[in-house]
Amino acid sequence: MKEPDDQDTDGEKSGRSKSDGKHSLRSKSESRSPVKEDNKFLEDATDKTLTEGEESEEDSDEEHLEGSLSTYQYEDLQSTTVSQQPPAPAVEEAEEEVKKKISESFFYDYMELASMPFVTQDSDIPLDLLTLVHSFGYDCRKRANLQLLDDSIAVYIAGNQVIFLHLKTKEQVYLRSSSGEGIGIIGVHPHKTYFTVAEKGSFPNIIIYEFPSLRPYRILRDGTEKGYAYVDFNYSGTLLASVGSNPDYTLTIWNWKEEQPILRTKAFSQEVFKVTFNPDNEEQLTTSGSGHIKFWEMAFTFTGLKLQGSLGRFGKTTTTDIEGYMELPDGKVLSGSEWGNMLLWESGLIKVELCRGTSKSCHNGPINQIMLYEGEVITVGSDGFVRIWDFETIDTADIIDETGLLEIEPINELQVDKNVKLFSMIKMSETGNNFWLAQDANGAIWKLDLSFSNITQDPECLFSFHSGAIEAVAVSPLTYLMATTALDCSVRIYDFASKIPLTQMKFKQGGTALVWVPRMVSYTGAQIIVGFEDGVVRLLELYDPKGLTVFAGRKKILDADIQLKQVFKPHTACVTALAYERDGEILATGSKDQTVFFFEVENDYKPIGYINTPGPVCQLTWSPFSHPESTLLIFCENGYILEAPFPTIQQEVDDRDVISYEIKDMCIKCFHFSSVKSKILRLIEIEKREKQKKLKEKIREERRNKLAAEMGEDGEKEFQKEEEEEEEEEEPLPEIFIPLTPSRILCGFYSEPGKFWVSLGDYDSGFLYHCEFPPCDESNNFEEQKDEPFDVRYLENTDDNPIQTITFNINKIMMFCGMKNGAIRVYVLNENDPSLTSLVNYWHFNMHDNNYGCIKSIASSFDDRFLVTTGGDGNIFVFNIFSEFMLRKGIKAKVPSPRFGIETEPIPEDIEDPKAYSIENARRKREHDKLMKEVEEIKARKREQIKALRNEFCKLLKMNEELPKHMQFKRTDFDVDSRIRDEINRKTAFKIQQVEKELAWEKEKHELGLMKLKNRFRDPLESDTIVVHAIQSDHKITSYRLVQPSKYSKFRRASQSERRPSKLDRFEKEGTGRKDSQRDAGESVTAQEESIIEKGKKFRPKTLSEIMVKNQIEKTRKLILKAERAQLKIQQRKKEWEELYKSKPDDDFEDPKDLQAIKEAQVCMGDFNLKTAPDYKIPEHMRINAAKKEEELGHLDSLIKELIVTFDAELRLLRHQKLKLDIQMKLSDLHHVTLFQEMLLLKNFEKQENILQERVNSLDKEEQYMQWKINETLKEMEEKKNEIAKLQEQEKALYAGFQTAIGENNKFANFLMKVLKKKIKRVKKKEAEGDADEDEESEESSEEESSLESDEDESGSEDEVFDDSICPSNCDVTLFELALQLREKRLDIEEALVEEKKIVDNLKKEYETLSKKVKIVAANLNAAEEALEAYQREKQQRLNELLVVIPLKLHQIEYVVFGEIPSDLSGTLVFSNHALRRLQERIHELQEENAKQQKLNKEWRERRKQLIREKKEMTKAIQKMEETVRQLMISKFGRVVNLEALQTLSVNTTLEELKIRKLRKELANAKEMKMWEQKIAQMRWELMMKTKEHTRKLYQMNDLCIEKKKLDSRLNTLQNQQGNAFQGPREADTVAREEVTELIQLQAERISALKEEIALLRRKGGLILPPIQSPHENEM
């Protein structure tokens, strides 16, 4: 269905063919759609939304649908239809009208929009040759490729389809791309009633579909050049934002319902990932992408509405790609980063970078999505975590240090699973649950429960897919099973008939090649062989686990399972090709390591050998059964194609005897492809020119004959003349071009023995080349060989879109081709046509993504019923191949039954190490090890021989020594030549000399080092150590090395506290005045003045009297203290005297010491004879004998022994003391080192600290001085204000006195008052002489003049001119002179007032200037103090970083690893037992508090969510009330007015008085209305009575009229009888009748007037008209 203004273009589009967006479409009526959908969901959804008009539309035929609009649409757009060929202005006007008036019920026809397959013309190929059955893949790495339309319908992009997946039934519905060139992005309307499909291609469209009918509703055109990268609806759903991909990156804002762009601009010069509206302000948008984020705003400029973008500046932060972001309600933006932290943006700059504790990133990898849900911020990371953060913490975050980082912790977090890379999430709208769907970039769709409660469900993987490009697919030869592998390290099995995945198996490396083992090898079709990127080949076995007895009794049994059967590693690089020989005897494997390995299948894949290839192998193909010999066709990427014969299998060769597996004697044929495309194009050009030349010759001959027939001989001359004029130079033919880099070979296949077809990429694409191998020549060099194909087949539209892979159906009549752009092409061939002569007609359809969906592999089922394709976009499509036989429903694949004993077989050891040896490398390594072992054995034998000879020589030397001297051989006798030994000695001396020269520098270096060590450690010693040994033991003790006193012991510096006061001391001294004044800076001037006055009192200079009083107080205090000290001294002295008197001895007391001394004196005094004197007498007690000497000797020995023992004991004791002292000394040394490091560190900080402190002190003094000046200024201002008030009082008194003097009822009062108040300009004294007679009017007075003068100005505004120099007649002269005198006084007072006001103004200016300076100084002081505090913190942090040594005992160390104390204790913490116990107790306390807080947090979070919901409801109610208020305003005022402005208007006295008068009037009117209502009721009652009376009178009149009629008839009879005496009516009766009629009319008018008056009175504001008076009342 088309729009009216698009009939021509759509008609042309529908008429053209489509192939890759260029080929034609078949008519929809000719054949059925190629993509059959499961229409049950679509039809049910469509039936619900059909209207009556649409039903009538369905009833009409298909041609009517395609050719015209439906009835109701035609009626809606009838006024805008135009003729087929109107004039250009009319067309434009009609288009504008149509654009303005698109009907709400207008829909497009999906069948006209959807892209269809291309089929060559005049061919019998059906349009529905392939029908899409199911999609098993998912493009999990595509941005925002998971959306929800309701709780059960998920939608995502798969190549050229949009797939609607029912989450419960897993049914799929498909929506085709309209361009056929891919889909860029999808988006869902906020109300989920519409969804957008933004496509790719040349100027692609955005199609908006309605849900659930899935009908195209609107089409947006010309929004970008190549494709769309992202789309987003605004919060209300009225606008759509789109951003294009490379190359234009156009940002467009659409009014999508009118299909009109509103704004358009270039978003950025690099890739743009996303664009979103701010949900709280729809005029703001945000875009992000590669290395940028940009903030947009819709702004009205002088040229109209425009998009203004502001690029985010990263500043010091590293530039990053931004994938996820979120707009905050206040305009800030929260974005992610590549390293996992969150960046908070404000005004285009990074306000703060958010991370977790200990500087850990918020996520380990990029943050892909950020959302705000119920007051919580949700972040989705590539690390597989979903974290919940507090919104308030993020919203109020700010930097705290120079790093710009702020550490926050998440409220909750959820790890989905290992090896999960979350890309996006979307909320499921299930009531009462907090379920989300998550897109996993590693190939899954998850269902997450983010409620974080006790009943929270674990993450559930709803669907699992391959991640990234799918490298290979293989189909079972027996049933409807297929296997796929990819670089995501998995192998998966699918039942494509039942549309279900069966099982998967994970490995360490990614799969690159896969083949289903043929039935000749595995009859049950249960084996799969897979090649991996590390060169390993694994044989897997598929079986049905239900057939195993081991599984009996289990609840859940899988439908299929895989088991590893065998593993080997033939290659060192990734395996690219696997191929079984046609009889199943040999397996060939190819790799990028340029080798092809052969294995014997029957002998458990025993290695046969390998051959080297000239390039990386890309495909292996064995010859079919139709060929006489079995050969292997090897395709290499770099242009080489090889043919290898069947390898020879040696049966009896021992594997251990094989040195290498390389096969060197194989006769291999080689074809080195040489580019011939330029030659082909040249031949085509030549053929084209030949045709043109023949055509021109024919035309020329006809022209010649015509001229000859018409003109004869002149015609021949004319013809020759025309020939000379028409002669043109022929353009040169295209040059022969051969690319320097050979074109890459993509695929190929056998045609005949020795011949093959090959498809190439790059320059040589566009053709299929038929080639033939040259004869095998072993001497020929492959690199020098150049071969050309002998035949080619042109492939339409494949110059830039080559064939990537080719396969055939069973009977070879259909060739399925997978294209580079993801399209499927099917050629229909003739039977037995190896030369492909019928390669003309084909079917072409785009399925996979056109940019990166290259088809990697394609395969058909065993019965040719199905076709499977896999692409680089991760999609797997299964098609039903057109057949005459219908596919029966309910078909299902059969999984092979398990082999007997499979559950007991040991699983082979897998090769998981990618560095493991390959088969060939392992063989070479074994041979190398064997060779090395042999060499080591030879070395060992030689060493044994040398050892035996050495032992024999030693024996000979020993025998020589045992011989007599004269028979012994000297050592010199063993010298064959003495010169040899001399030469050896000379060389040795020379070498020693050389070594001494070489080591001279090292020797000098070490000598200098020794001298420095001596100067450093030996010279500063005051005394060296002294060792004291014990006498009877080995104990010893050493004294300390005394070092000379350092300079620090003599030098004492002033500390910081002595040099300057601390900040706390200054605050205590200065009080809180300054802080209070700063805090109250925003208050009124009066509060500032009071605070400044109070502060000024503290800081102002003291007067002499205050100083004298203070000195007197201090002097008195000192005298009191002195008296108290003297009193205490006296009391203490009394106490000492008392104690002294108490200790006084008695009078007869003798000292015992004195008595002993007297006794000794009495004994010894007076006898001093020498022993040598002749008269010396030996005392009795001093006489000596031998016994006494022996006793004395024995006593001396015992004394010596006692002294020795005592010395040893004291030495041991001193040794123990020294040990303790050693400990203390060592601790002191360690503390000394710490203090020295601290001192050095503090020295580095001291200079800057002094500068900062001096700045703080100077600013503080400056602030105090300025506060004092402000105080003085305020005092002076107060004095001046008092003087001004006195002058104003004087002026008032002057006027009052003059008024008293004038008195009342003085007719000259006004004149005298004018004289007094007249404004004159007084002349200065210096100018009085020259200007005495000049009077000028003075300037207008200032606003601050007295009230009397201002009143006089108001009253004296009349333009009267009077002469104040002459006293009027009859005026009191005394009063006139008094007025003149008082005027002079008034002028004096006014001059004084002016002067005082000038002074006050100057003081105010000075005060304002000082206040500003105070604020500046205070701000500078705060900044300086903060800088000083920051410097102190930095200093303290640097001090904290210093290492401090603490000695510990072993029992104090509780840090053990495996029962032992580790050697490294750097990660330990030294802690006291008391503090540890306190911390342990605190842990329990914190756990209890944490439990309570978690409980409270949970309650409050629930409460918060409830409040948020209530807030949303209240917001809706407020919006509704605002709309009501707006409507009321419009109805009352005619426009929307600002109520706050109305409320803040000043009171209008007149208006208020009028309001009061209005109110009184309304009350009076109400009373009067009440009275009139009563009157109306009375009048109604009277009217009713009158009406009754009138009715009664009418009845009477009727009776009278009847009676009158009777009387008339009787009178007539009488007149007839008596004559004409009484003819004519009576005059009295006529008058009475007229009066009654007039009365009736008057009463009717009165009734109608009263009714109108009642109606007016009932209305609000109705006017009360005076009662209508009757004509009689008017006359009266």
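Before any of the text, the structure's been laid out above.
These remarks concern the structure in this document. As the structure is a computational prediction, the values presented were derived from the model and not from experiment.

So, how was this worked out
- Residues numbered from 1 in each chain as written.
- Predicted model: local features only at pLDDT ≥ 70, side-chain atom pairs only at ≥ 80, totals over all residues.
- Heavy atoms only, no water.
- Helix = DSSP H or I, 4+ residues; strand = E, 2+ residues; numbered from the N terminus.
- Buried < 20%, exposed > 50% of the residue type's maximum accessible area, 1.4 Å probe, protein only.
- Contact = heavy atoms within 4.5 Å.
- Areas by Shrake-Rupley, 256 points an atom, 1.4 Å probe, with all protein chains shown as cover.
- Pairing = 2+ DSSP bridges.
- Phe/Tyr/Trp six-rings, centres within 6.5 Å; stacked < 30°, edge-to-face > 60°.
- Polar contact = N/O pair within 3.5 Å; in protein donor to acceptor, adjacent residues only side chain to side chain.
- Core = buried A, V, L, I, M, F, W, Y, C linked by side-chain atoms within 4.5 Å.
- Patch = residues over 30% accessible without salt bridge, like charges linked within 9 Å, V, L, I, M, F, W, Y side chains within 5 Å.
- Salt bridge = Lys/Arg side-chain N within 4 Å of Asp/Glu carboxyl O.
- Lys, Arg positive; Asp, Glu negative; His and termini not counted.
- Charge placed at Lys NZ, Arg CZ, Asp CG, Glu CD.

Turning our eyes to something else, we now look at the overall build of the chain. When helices and strands are counted, the chain shows 29 helices and 62 strands. Residues counted as buried form 37% of the 1676 residues belonging to the chain. Put simply, 58% of the contacts in the chain that link residues at least 6 apart link residues at least 24 apart. In the form shown here, the chain has an accessible surface area of approximately 106000 Å², with 53% of it arising from carbon and sulfur atoms.

The four strands are arranged β3-β4-β5-β6 in an open sheet whose pairing can be described as antiparallel. Unpaired on one side and paired on the other, β3 (147–148) and β6 (172–176) mark the two borders of the sheet. Pairing between strand β4 (residues 153–158) and strand β5 (residues 161–166): six bridges, direction antiparallel. In the strand pairing of β5, Val-155 is matched with Phe-164.

Attention shifts here to the packing of aromatic side chains. One pair of aromatic rings is described through two measures. These are the centre distance and the angle between the planes. For the structure on display, the rule yields 42 aromatic pairs. Measuring from centroid to centroid gives 5.2 Å for Tyr-138 and Phe-465, while their planes differ by 50°, and the two rings are tilted. With a gap of 327 residues between them, Tyr-138 in the loop between β2 (130–135) and β3 and Phe-465 in the loop between β31 (460–464) and β32 (470–475) connect regions that are remote in the sequence. In this structure, Tyr-138 and Phe-465 share a single accessibility class: buried.

On to the side chain of Arg-538. Residue placement: Arg-538 occurs in strand β38 (residues 537–543). Accessibility expressed as a relative area gives 2% for Arg-538, which makes it buried. Here the side chain of Arg-538 touches Ile-911 through a polar contact of 2.8 Å, landing on its backbone oxygen.

On to the nonpolar core. Ranked by size, the top nonpolar core spans 37 residues in total, and within it Leu-130, Leu-437, Ile-824, Val-826, Trp-843, Leu-867 and Phe-879 carry the most contacts. Beyond its immediate chain neighbours, meaning those up to four positions away, Trp-843 contacts Pro-117, Phe-118, Val-119, Ile-125, Pro-126, Leu-127, Leu-129, Leu-130, Ile-824, Arg-825 and Val-826. Within the second largest apolar cluster, 36 residues are counted, among which are Tyr-494, Phe-507, Leu-514 and Ala-893.

This next bit is on a negative patch on the surface. On the surface, a cluster of negative charge is contributed by Asp-401, Glu-402, Glu-407, Glu-409 and Glu-1434. Relative to the elements of secondary structure, Glu-1434 occurs in helix α24 (residues 1373–1440). We classify Glu-1434 as partly exposed; its relative accessible area is 38%.

The next point concerns the pairing of strand β23 (residues 367–373). Across the seven residues of β23, five count as buried, placing the element largely inside the fold. As judged from the six bridges shared by β23 and strand β24 (residues 376–381), these two strands associate in the antiparallel manner. Counted as the bridge partner of Gln-369 is Val-380 from β24.

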